[in-house]
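Inside the fold
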Amino acid sequence: MAYRKLVLGLSGCLFVLVCVLFLQADVMSMISSSGKDSGRADLIMIQAIAKQATKQAPPVQFLHDAHTEALAEQDKDCSSCHVKDEGGTISYKYMRLEDPAANRLKDLYHDNCTTCHAENAKARMDNPGPQIGECRKCHVEPATHTQTWISSGMDNMLHYIHWDSDLIAKDEGKDTNCGQCHHEYDEDKQELVYIQFAEEGCRSCHTAEPKEPVKSNLSEAFHGQCVTCHLENKEAQAERNGPLDCASCHGGPQRLEMQAKFAEKLEEMDGVLPRLPRNQPDAVLLAAKLPELPEDATRPTLMYPVPFNHELHEQATDACRDCHHETLKSSCTDCHTLQGSEQGGYITLERAMHAPDSKSSCVGCHNEMKQDPSCAGCHAAMPRGTEPPASSCALCHVNPDILAQRPAGQQSMDYADYTEMLIPAQTDGRQPAGEPVVVPEDKEGRAALALRLIDLRPKEALLIAEEDIPDVVKIDVLADEYQPAELPHRKIVMSMMEKMKDDSLATTFHATPVTMCQGCHHNSPLSKTPPSCQSCHDQRSQEGRLGRPGLLAAYHIQCMSCHTEMGLEEPAATDCTSCHKQKEN
Amino acid sequence: MKRRSFLGLMGAAGAGLAAPAVAPVTARAAAKDFRGYHDTPGVLFDGTRCIGCRKCELACNKVNSLPEPEVPFDNLEILNSRRRTDSATFTVVNKFDTPTGPVYRKNQCNHCLEPACASSCFVSAFQKNSDSAVDYDETVCVGCRYCMIACPFEIPTYEYHKAFTPRVMKCTLCGPQMRSGELRLPGCVQECPMEAMIYGPRNELLNLARRRFAAFPGRYVEQIYGEHEMGGTSWLYISGTPFSQVGLREDLGTKSAPELTAGALAAVPVVVGVWPVLLGGIYAINKRKEKIAAQEQQQAVSAALAKANAEAKETLAATLAKAEESANRRVDNEVKKAVKEALAKKEEELKAAEASATDEEEGK
Ligand code: SF4
Ligand code: SF4
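First, a word on what this report is: a plain description of the structure on this page. Just so you know, these numbers come straight off a predicted model, no measurement behind them.

Residue and element names in this part refer to chain B. Counted by the stated rule, this structure contains 9 aromatic pairs over all chains. Taking 6.0 Å as the distance between ring centres and 70° as the angle between the ring planes, the aromatic pair formed by Tyr225 and Tyr237 counts as edge-to-face. In this pair, Tyr225 sits in the loop between α8 (202–215) and β9 (235–238) while Tyr237 sits in strand β9, placing the two residues 12 residues apart along the sequence. Accessibility assignment for this pair places Tyr225 and Tyr237 in one class, buried. A cation over an aromatic ring shows up here: Arg105 above the ring of Tyr237, its NZ or CZ 5.4 Å from the ring centre.

This is the structure:
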């Protein structure tokens, strides 16, 4: 579990890095055509002049971290260049709170930068910085550096480190410290207040172009909040103060390093992060919101509601916003309606939950989990296409009536019966018109129902009796150059069962004792005795069966791609004799 | 006449063909908005399946009765060096190291729909056959080797070691064997244990490739190499890594060789498809001459030396003499220097048994 999160985290991070590198390379090519260095997270282009009518000098490439370091050596800090507002929040802008006119801005930079550099020169520093008259040392063209930074954010672990920290003061009369960062604007009092259990992500108010009464945009909010606090901690000589440089949060390699550290920490905690103290539900019953219907209208056909294990998913995601996007205050169905709404970007509820390639849809995220080497052996070989398989609908959309038929905890190992549970009364899993399943209106009632339905899910991976699994399968249909291959069939099945033992995603979705078999015995009906490979993969020449592998290729592709996907390096694909011994003659 | 039947094929697929005499012009005009040779056969190579076993190389060698290779086909060490086709090897599998591990790609003649080799050949030794194979007729070939310079994939190679009847050698798509009924599939396709290659109608292969893209999102670079490259090829490639990373040139454009250079000389009748590439090629010839000459020399020498291992020492001396003689006729002094260097290098590699042979050669 922890390992998977690490891998997912790291690969996500790498992905972001790659994306940023590509995007950035394009954007930056406008700024820098020579960009020889590998890209800096702290490069700031000072383009005050860009706001003027005529171009006077090329923009200045300012290396922020180089300055932070130089200042630290002189025992100075952020406040040498950044001023604080009356609330004590440090400004994101250089030496100012608000932007003056372009000309004044130019003077501001020139005066302050050169004054400091001149003082350095007077103090006979080794590298005092460019002096008055050395215009081209700052105004360089073409640019020599490239900027590559990745957008930062609070993932679950970073969040935990903050709310668990003793260095951050507790909220008044509480033993949590959430209110030190989370706030809301109180219209009546006209001030920022903290309301427990209503905490929101920063992004919900501090957007790129915030609307009144929100004052600061996202980067101003983040930098003001984080840097001010980190700086205060440093001034107070706290044992830890958090980063004050750019690269620690926005540098690719630094982020990867941090992710690795977090993964280690998670491992120490047995892979389980304590849940956020926000009173979030353990379970939710996801059901479409019915549009306003006239009295006599026919009710649209709806799928059964989906019991959603919120607690479990908190552990499996990087941050709340992975699913909740901007705000925690509305439910999925508020924006993603049956027909789609402007708020939800016209993404219908159905797409929001099922889009196979979206990271924030249920199906998309589950698909991503299948890339785990333990799962990929089977799943990478399965065509994924654009829709989840219809047979899986009933795994999530459960008829609540089932509770009446089966008391909680009673799990059947008889899979004929089990199938019945999955596909209740209506074979297509849909509700009959006019007989709607009664879903409680209140949150608590729905949560309780969801919990009971979740409880019905199999707690362990299902499998047919071990003795019913063929032990060693001899593949000799094609023996010609080599001796027949002996496939350790049962051993393979049992080792895969072992891998998915503790994985609730796998145990829920491998819904019958023979689902597992489908990994190899694809396209054949669920059965304890699936048809043999030859029944579909014959040995005829390729003509007439374009695209469906012949028997020889079918075996090879199946075995080898599974080994590759599961990261099994032995035997090598070209080591023929490790599977079939050479014929002696 | 094969050339005409090829053009006829183009005409039939594109626009109606009035008379064979105006065929080149009609075909060229039609080529502008022409999008594919629908029912001609082709081969789809799926790079995500190839495991680099060299069974296709072995099959090719057998089917075409090519000489036994220096390195046996079950030696996979050789994949660590980059190889190209030569006169005794019509196909090679190369290994490419990528961030996600090694990737293998088979290389052979792509059997272009409008082959540059054929356009550049003024005696029509190359013909695009209706079964997609680009055929070579050694009886008319004059050995000018323009085809080698014209081919954007650097495929045709020359039998330097044959003093009297040297031929241009390249993959034949097993055309001869399939036409005679000896084979039902090209040898390499037949033998691949992974079905990394599929033989079938080109349009169906294109559809199949797209079906694979759809069924396995993220697995492939969703593009089919050879669909449009150089006006399209009968050999198609799909890959999980960018094509340039598996040694496929991505700078070729979608225009076929005849179309590329047709404009300037459109008034030249009948041979319009031939001369432009030839003339346009002169620039390329000058540029690549030196490189190819050096390569040729090295190949000539190593081929001759390899032969000598099996034959008597006198034969070696004679062959070398001939090889060098014919080489001398073609290259300037600078290249000669390269020969000597190559020979000196070879000498080190030869064991005591061959030492005397090398001495003879050096003593000349
Ligand atoms: S790949 Fe080269 S040799 Fe083969 S048909 Fe095309 S131009 Fe001719
Ligand atoms: S036979 Fe098939 S798998 Fe083996 S090297 Fe050739 S193309 Fe690749």
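Glancing now at the pattern of salt bridges. All told, the structure shown has 26 salt bridges over all chains when counted by the stated rule. For Arg384(A), the salt bridge is made with Asp357(A), and the minimal N-O distance between the two is 3.1 Å. Of the two residues, Arg384(A) sits in the loop between α14 (373–379) and α15 (393–396) while Asp357(A) sits in the loop between α12 (349–354) and α13 (362–369), which places them 27 residues apart along the sequence. For Asp357(A), a relative accessible area of 57% corresponds to the exposed category. The salt bridge partner of Arg84(B) is Glu154(B), with a shortest N-O separation of 3.8 Å. Taken together, the residues Arg84(B) in the loop between α3 (55–63) and β2 (92–98) and Glu154(B) in the loop between α5 (146–150) and β6 (157–158) connect sequence positions 70 residues apart. Among the charged side chains, a network of salt bridges with common partners joins Arg275(A), Asp282(A), Glu311(A) and Glu314(A).

Cysteine pairs can be covalently joined through their sulfur atoms, and such a bond is termed a disulfide. Residues and elements named next belong to chain A. Tallied over the full model, the rule gives 0 disulfides over all chains. Cysteine Cys362 remains unbridged, with the sulfur of Cys396 as its closest cysteine sulfur at 7.2 Å. The class for Cys362 is partly exposed, based on a relative accessible area of 30%.

So, on to the environment of Thr333(A). All names here are of chain A. Along the chain, the position of Thr333 falls in helix α11 (residues 332–335). Sequence separation between Thr333 and Leu286 is 47 residues, and the spatial gap between their C-alpha atoms is 8.1 Å. Ignoring any residue separated from it by four or fewer positions in sequence, one finds Thr333 in contact with Ala287, Ala288, Lys289 and Leu349. Side chain to side chain, Thr333 and Ser331 meet in a polar contact 3.0 Å long.

Here we take up the environment of Ala554(A). Residue and element names in this part refer to chain A. Within the secondary structure, Ala554 sits in helix α21 (residues 551–565). Here the alpha-carbon distance between Ala554 and His82, two residues 472 residues apart in the chain, equals 66 Å. Contacts of Ala554, omitting those with residues within four sequence positions, involve His537 and Pro549.

Close to ligand 2 lie Phe45(B), Cys50(B), Ile51(B), Gly52(B), Cys53(B), Arg54(B), Lys55(B), Cys56(B), Val93(B), Cys192(B), Pro193(B) and Met197(B). Class assignment of the residues belonging to the shell around ligand 2 gives a composition of 9 nonpolar, 1 polar and 2 charged.

This brings us to a nonpolar patch on the surface. Residue and element names in this part refer to chain A. A cluster of nonpolar residues, Leu290, Leu293 and Leu338, forms a patch on the protein surface that exposes about 220 Å² of accessible area. One can find Leu338 in the loop between α11 and α12. The exposure class assigned to Leu338 is partly exposed, which follows from its relative accessible area of 30%.

With that out of the way, let us pick up the packing of helix α5 (residues 156–163) of chain A against helix α8 (residues 252–268) of chain A. All names here are of chain A. It is at 10 Å that the axes of α5 and α8 come closest, and there the two elements cross at 70°. The angle between the axes of α5 and α8 places the two elements in the roughly perpendicular class. Pair α5 / α8 crosses with left-handed handedness. In this structure, α5 uses Met157, Leu158, Tyr160 and Ile161 to contact α8, whose residues at the interface are Phe262, Lys265 and Leu266.

Take a negative patch on the surface next. On the surface, Glu264(A), Glu267(A), Glu268(A) and Asp270(A) cluster together to form a negatively charged patch. Residue Glu268(A) is classed as exposed on the basis of its relative accessible area, which comes to 65%.

Cut-offs applied
- The written sequence of each chain sets the order in which its residues are numbered from 1.
- Written order decides the labels, with chains lettered from A and ligands numbered from 1.
- Local features in this predicted model are restricted to residues of pLDDT 70 or higher, and side-chain atom pairs are both shown and tallied only at a pLDDT of 80 or more, whereas totals for entire chains, interfaces and linings draw on every residue.
- Values reported for side chains reflect all heavy atoms of the structure, with hydrogen atoms and water molecules removed beforehand.
- Under the pairing criterion, centres of Phe, Tyr and Trp rings, with the six-membered ring standing for Trp, must be within 6.5 Å; the plane angle then separates stacked pairs below 30 degrees from edge-to-face pairs above 60, leaving the rest tilted.
- Put simply, DSSP marks the helices as runs of H or I at least four residues long and the strands as runs of E at least two long, and each gets a number from the N terminus on.
- For each residue, the accessible area found with a 1.4 Å probe, counting protein chains only, is set against the maximum for its type, and the residue is called buried under 20%, exposed over 50%, and partly exposed in between.
- The criterion is that NZ of a Lys, or CZ of an Arg, lies within 6 Å of the ring centre and within 35 degrees of the ring normal, and then a charge sits over that ring.
- Throughout this description, the term salt bridge denotes a Lys or Arg side-chain nitrogen within 4 Å of a carboxyl oxygen of Asp or Glu.
- Two cysteine sulfurs form what is called a disulfide whenever their separation falls within 2.5 Å.
- Two residues form a contact once any of their heavy atoms are found within 4.5 Å.
- The definition of a polar contact used here is a pair of N or O atoms within 3.5 Å, where within protein one atom must be able to donate a hydrogen and the other to accept one, and adjacent residues in sequence count solely through side-chain atom pairs.
- Residues are classed as near a molecule or strand on a simple rule: at least one heavy atom within 4 Å of it.
- For this classification, the nonpolar set comprises Ala, Val, Leu, Ile, Met, Phe, Trp, Tyr, Cys and Pro, the charged set comprises Asp, Glu, Lys and Arg, and every other residue, Gly included, is treated as polar.
- For patch building, the residue pool is restricted to those with more than 30% relative accessible area and no salt bridge; the joining distance is 9 Å between like charges and 5 Å between nonpolar side chains (Val, Leu, Ile, Met, Phe, Trp, Tyr).
- To measure how exposed things are, a 1.4 Å probe is used in the Shrake-Rupley method; for residues, cover is taken only from the protein chains shown.
- Axes here refer to lines fitted to C-alpha atoms; in helices the fit is confined to the stretch in contact. Angles between the N-to-C directions go from 0 to 180 degrees.
- Roughly parallel means an angle under 35 degrees; roughly antiparallel, over 145; roughly perpendicular, 65 to 115; everything else is oblique.
- Less than a right angle of anticlockwise turn of the near helix away from the far helix marks a crossing as left-handed, whereas a clockwise turn marks it as right-handed.
- A residue counts as positive if it is Lys or Arg and as negative if it is Asp or Glu; His and the chain ends are not included.
- Throughout, a charge is located at the NZ atom of Lys, the CZ atom of Arg, the CG atom of Asp or the CD atom of Glu.

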